[in-house]
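Listed below, chain by chain, are the residues.
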Amino acid sequence: MVFRVTAQNVEPTMSATNAAFAESHVTIESLQVLRTAQEYVMEFEANVSLHQQKKLAAKITPLGTKFELLFTLAGRSVGEAG
């Protein structure tokens, strides 16, 4: 599962998202940060249960201007929800 957060300020959003994963005892398997004209897109990939997904989504959603969940299959995005 990829958790994608779009925000204007990368550092506080990154710190808060990392803290949310740590509190949930979930290891981030992959991290990618992309910069657009005025925003940063941060993608955190982790294997999570449905319960962990909901818990993390509740913590991460307020952090960015946009939040998405991307379901992956063998490391490739197959759809979006959120």
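The sections below set out a description of the structure shown in this document. (Residues numbered from 1 in each chain as written. Predicted model: local features only at pLDDT ≥ 70, side-chain atom pairs only at ≥ 80, totals over all residues. Heavy atoms only, no water.)

Observations regarding the packing of helix 1 (residues 10-23) against helix 2 (residues 50-60)
Next, step 1: In the contact formed by helix 1 and helix 2, the axes pass within 10 Å of each other and the chain directions differ by 150°. Regarding the angle of helix 1 to helix 2, the classification is roughly antiparallel. Helix 1 and helix 2 meet at a crossing whose hand is right-handed. Contacts between helix 1 and helix 2 pair Thr17, Ala20, Phe21 and Glu23 from the former with Leu56, Lys59 and Ile60 from the latter. (Axes fitted to C-alpha atoms, helices over the stretch in contact; angles between N-to-C directions. Helix = DSSP H or I, 4+ residues; strand = E, 2+ residues; numbered from the N terminus. Parallel < 35°, antiparallel > 145°, perpendicular 65-115°, else oblique. Left-handed = near helix turned anticlockwise from the far one by under 90°. Contact = heavy atoms within 4.5 Å.)

Some words on the pattern of salt bridges
Next, step 1: Overall, the coordinates contain 3 salt bridges when judged by the stated rule.
Next, step 2: The residue Glu23 makes a salt bridge to Lys59 at a minimum N-O spacing of 3.0 Å. Pair noted here: Glu23 is in helix 1 and Lys59 is in helix 2, with a separation of 36 residues, a long-range link.
Next, step 3: Each member of the salt-bridge network shares a partner with another, and the members are Arg4, Glu43 and Glu68. (Salt bridge = Lys/Arg side-chain N within 4 Å of Asp/Glu carboxyl O.)

A word on the side chain of Glu43
Next, step 1: On the secondary structure map, Glu43 appears in strand 3 (residues 40-45).
Next, step 2: With a relative accessible area of 16%, Glu43 lands in the buried category.
Next, step 3: Within the local environment of Glu43, its side chain forms a polar contact with the side chain of Arg4, the two groups lying 2.7 Å apart. (Buried < 20%, exposed > 50% of the residue type's maximum accessible area, 1.4 Å probe, protein only. Polar contact = N/O pair within 3.5 Å; in protein donor to acceptor, adjacent residues only side chain to side chain.)

As for the nonpolar core
Next, step 1: Within the largest apolar cluster, 16 residues are counted, with the highest numbers of intra-cluster contacts made by Phe3, Phe21, Phe44, Leu56, Ile60 and Phe67.
Next, step 2: Secondary structure elements with two or more residues in this core: strand 1 (2-7), helix 1, strand 3, helix 2 and strand 4 (66-73). (Core = buried A, V, L, I, M, F, W, Y, C linked by side-chain atoms within 4.5 Å.)

Describing helix 2
Next, step 1: Of the positions making up helix 2, those classed as buried are Gln53, Leu56, Ala57 and Ile60. The buried residues of helix 2 all sit within an arc of 105° when viewed along its axis, so they share a single face. Relative to its buried face, helix 2 has exposed residues pointing more than 90 degrees away, namely His51, Lys54 and Ala58. (Arc of directions from axis to C-beta.)

Section: unusual backbone geometry
Next, step 1: Its identity as a non-glycine residue notwithstanding, His25 has a phi of 55°, on the positive side.
Next, step 2: You can see His25 is positioned in the loop between helix 1 and strand 2 (30-35).

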